[in-house]
2 protein chains.
Amino acid sequence: MAQYSAQLDGIFVALADPTRREVVRRLGHGPTSVGDLASEFPMTLPSFMKHVRTLESNGLIRTVKHGRVRTCVLSRERLSLLDDWLAEQRAVWEHRTDRLEQFVTDQEDTREP
Amino acid sequence: MAQYSAQLDGIFVALADPTRREVVRRLGHGPTSVGDLASEFPMTLPSFMKHVRTLESNGLIRTVKHGRVRTCVLSRERLSLLDDWLAEQRAVWEHRTDRLEQFVTDQEDTREP
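Since the model is a prediction, treat every value here as computed from it, not as a measurement.

Reading guide: rules and limits
Residues numbered from 1 in each chain as written. Chains lettered and ligands numbered in written order. Predicted model: local features only at pLDDT ≥ 70, side-chain atom pairs only at ≥ 80, totals over all residues. Heavy atoms only, no water. Contact = heavy atoms within 4.5 Å. Buried area = accessible area lost by both parts, 1.4 Å probe. Salt bridge = Lys/Arg side-chain N within 4 Å of Asp/Glu carboxyl O. Phe/Tyr/Trp six-rings, centres within 6.5 Å; stacked < 30°, edge-to-face > 60°. Helix = DSSP H or I, 4+ residues; strand = E, 2+ residues; numbered from the N terminus. Buried < 20%, exposed > 50% of the residue type's maximum accessible area, 1.4 Å probe, protein only. Lys NZ or Arg CZ within 6 Å of the ring centre and 35° of its normal. Polar contact = N/O pair within 3.5 Å; in protein donor to acceptor, adjacent residues only side chain to side chain. Expected span 1.5 Å × (residues − 1).

Let's talk about the interface of chain A and chain B
- Facing the 30 residues of chain A at the interface are 30 residues of chain B.
- Taking both partners together, chain A and chain B bury about 2,800 Å²; carbon and sulfur atoms supply 61% of that area.
- For the chain A face of the interface with chain B, the top three residues by lost area are Phe12, Arg21 and Trp93 of chain A, together amounting to 23%.
- Our enumeration of links across chain A and chain B arrives at four salt bridges.

In structure tokens form, the structure reads like this:
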């Protein structure tokens, strides 16, 4: 549970930046080399690499080196933790809505002659 | 678009903390006074209020004051932006999977006698 919470912290931190969200979106199309990715962002390579490392250290992407080329791959399973968290919140709201409906139904039952 | 991106930044920052995620979860059960909420967290009231203000300034909760009691209310519509963002990512992956399937199908068609 503590590990899940720490992983969520990292996911939210990693995605709290438009460049990193855009990297995630582009990698959704398939693995891409760091060089090709970096050329699409208006910043220096060292600045871009910081974003890549933040995404990697928080588990949202993996990077693999073949020769001189480092390729980035999206880790969809890490993003699915975000889906799980949102599903948990919805479960709480729906439970609450169910209870409200039950309350209204109970009131209507009481009012019947 | 820039506004949507800035709102997403704020949502991710606000949720990158276990206390703030727990506040969101508890408010999913219904509006709660700051005092009642604060009593459930092992920290001082000023520390807790910082979390409340971060959630409020990023639009995830609203607070309403009646007399001396300040009540926190969850803003579900802001959380739905997170759903939208995840749906966008899934759309990219599914489009990619469709193209892969098309590629495999095309290859199979080519191989037919």
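After that view of the structure, there is still more to cover.
Regarding the packing of aromatic side chains
- Applying the stated criterion across every chain, the model contains five aromatic pairs over all chains.
- Plain terms: the ring middles of Phe12 of chain A and Trp85 of chain A are 5.7 Å apart, the flat faces sit at 80° to each other, and that makes the pair edge-to-face. On the criterion of sequence distance, the pair formed by Phe12 of chain A in helix H1 (residues 2-15) and Trp85 of chain A in helix H5 (residues 76-111) is long-range, its members being 73 residues apart. The pair Phe12 of chain A / Trp85 of chain A is uniform in exposure class, with both members buried.
- Taken together, the aromatic side chains of Phe12 and Trp85 of chain A together with Phe12 and Trp85 of chain B make up a single cluster linked through ring pairs.
- Sitting above the plane of the Phe41 of chain A ring, Arg26 of chain A keeps its charged end 5.1 Å from the centroid.

Quick look at helix H2 (residues 18-27) of chain B
- Among the 10 residues in H2 of chain B, seven count as buried, and that is most of the element.
- Sitting at the amino-terminal end of H2 of chain B is Asp17 of chain B, which places a side-chain oxygen 2.8 Å from the backbone nitrogen of Thr19 of chain B.

What to know about helix H1 (residues 2-15) of chain B
- Taking 1.5 Å per residue, 14 residues should reach 20 Å; H1 of chain B reaches 20 Å between its end C-alpha atoms and fits that length.
- Of all the residues in H1 of chain B, the buried ones are Tyr4, Ser5, Leu8, Gly10, Ile11, Phe12, Ala14 and Leu15 of chain B.

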